[in-house]
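Chains, contacts and geometry: an overview
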Amino acid sequence: MRTGSDDVIDRLTDWHRRLRAQFPIITANPGSAYLDSAATTQKPAAVLDAVTEFLTTTNANVGRGSYPWATSTTARIDAARERVRTALGDNTTGSSVEFVDGTSHGLRAVAQDWLADQLTDGDEIIVPFGDHEANLRPWLDLREQLALRGIRVSVLAMPVDASSGDYDHRALPSLVTARTRFVAVTHVHHVFGVDMNVHRVREVVGPDVPICLDAAQSVGHRPVSVADLDVDFVVFSGHKMLALPGVGAVWARNRRGPRFAPRGWEGTPNTAGIVSMAAAFDWLDAAGLAEIGAWTTALSARLTDGLARLPGVRVLGCQRSLTADSPVQRRESLVTFRHTAVRSDDLGFVLADEGIMVRADGHCQAGRESDDHAVRVSVHVYNTADEIDRVLAVVRRCEGMRS
Ligand code: PMP
């Protein structure tokens, strides 16, 4: 039976072929299927070329020196800051972009360099206890630090709807009080793959509470607009959006509370990484982020639908087939599952034997038991429907296996 995702894949096939050809590591390994983009993405030639061009023409430090290479580098970094702003659809005044090492570093900077000064004794914050560790540890650590100074802050767990993996927006209102000072959320869950509908969080918490968005799995995967989301911080990693590792950004609206400014001495930033991020946004824009979102959503729907037909497979999060045009909830570019007959780690090895690279572990999910493993298949623009079908064929064969 044909689905909406088959139509999307057919419509975008030629577009996709042109883009896939631009990833050197993919074209150099035709038999391999890289399906671990939620961990880190591959890089198009344009991004690699931009880094080489920078390092072989005007490489210098930033904000230091008045000779041409130095002023050129400073101008590039300033332009990259603007590039992040436009990439996030930001048309506000007063917002800022700070470059950080990545999402983990950025979320910690929001906690330490901004939130720490906003909280007083008896305040409450609401944060996700079942998302990535990077979006829980900074808030729990801050609570401990403040407690040492006699400031007691309650850290409440964002309620979750266990059947879908989405936040439970019906349970959330009972947590919001006059002392709610801050909310941290995730845009796309790195295990369940679902869009966490964070616009509803703003509706519930009202217009005044700052919201911090972990956008590690959404920026660079599909259009993300700070105008639509009305959040106060957007934090993401370059390496998950086709740029180099070791760089990321914190976008801050700077309206609900003082301006976000990292504390302490700011050493030399990752200039080559920042250049790569600007180049990646250019590439993503030229490719078409809406089409990339449609393509990756269609691939993950194909996988979800295929897995649902196999006995012994349980997809984590929403069990419904989330087709590309689901009005209920979008599954984005990743699917995580278990097989009742085969241990996830073994399945990871079996897939690797076939040249299929997936992640099989606990996925750095907060609150998960250390041996509670599952297989995650995550895609980006370079992946194909054929690669999804290869995964399904291997999982189907697992019926005959026993751990
Ligand atoms: N948040 C989410 C949702 C993630 O998926 C990840 C990376 N898996 C992170 C945060 C941490 O990102 P990084 O390792 O780049 O700091």
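Summary of the structure given here.

Calculation criteria
- Residues numbered from 1 in each chain as written.
- Predicted model: local features only at pLDDT ≥ 70, side-chain atom pairs only at ≥ 80, totals over all residues.
- Heavy atoms only, no water.
- Near = heavy atom within 4 Å.
- Polar contact = N/O pair within 3.5 Å; in protein donor to acceptor, adjacent residues only side chain to side chain.
- Areas by Shrake-Rupley, 256 points an atom, 1.4 Å probe, with all protein chains shown as cover.
- Nonpolar A, V, L, I, M, F, W, Y, C, P; charged D, E, K, R; others polar.
- Phe/Tyr/Trp six-rings, centres within 6.5 Å; stacked < 30°, edge-to-face > 60°.
- Helix = DSSP H or I, 4+ residues; strand = E, 2+ residues; numbered from the N terminus.
- Buried < 20%, exposed > 50% of the residue type's maximum accessible area, 1.4 Å probe, protein only.
- Core = buried A, V, L, I, M, F, W, Y, C linked by side-chain atoms within 4.5 Å.
- Contact = heavy atoms within 4.5 Å.

Some words on the site of the ligand
Lining the immediate surroundings of the ligand are Thr103, Ser104, His132, Ala134, His190, Asp214, Ala216, Gln217, Ser237, His239 and Lys240. Within the backbone of Thr103, one N or O atom sits 3.4 Å away from an oxygen atom of the ligand. Between His132 and the ligand, the recorded distance is 3.3 Å, taken from a side-chain N or O atom to a nitrogen atom. Coverage of the ligand by the protein amounts to 87% of the 400 Å² it exposes when considered alone. Partitioning the shell around the ligand into residue classes produces two nonpolar, seven polar and two charged.

Topic: the packing of aromatic side chains
Evaluation of the coordinates by the stated rule reveals eight aromatic pairs. Taken together, a centroid distance of 6.4 Å and an interplanar angle of 45° make the contact between Trp114 and Phe182 tilted. Of this pair, Trp114 sits in the loop between helix 5 (103-113) and strand 3 (124-127) while Phe182 sits in strand 5 (residues 180-186); the two residues are 68 residues apart in sequence, bridging distant segments of the chain. The pair Trp114 / Phe182 is uniform in exposure class, with both members buried. Ring centres of Trp114 and Phe233 lie 5.0 Å apart, and the angle between their planes is 70°; on these two criteria the pair is classed as edge-to-face.

Structural notes on the nonpolar core
The nonpolar side chains of a soluble globular protein tend to be buried, and buried together. Core analysis: the biggest nonpolar cluster contains 96 residues, and Val234, Phe236 and Leu307 have the highest contact counts within it. Ranked by the residues each element gives to this core, the list is headed by helix 9 (residues 271-287), at eleven residues. Leu307 has contacts with Val313, Val315, Val335, Phe337, Leu392 and Val395, leaving out every residue within four places of it along the chain. Core analysis: the next-biggest nonpolar cluster, separate from the first, contains 29 residues, Trp114, Leu140, Val153 and Ala252 among them.

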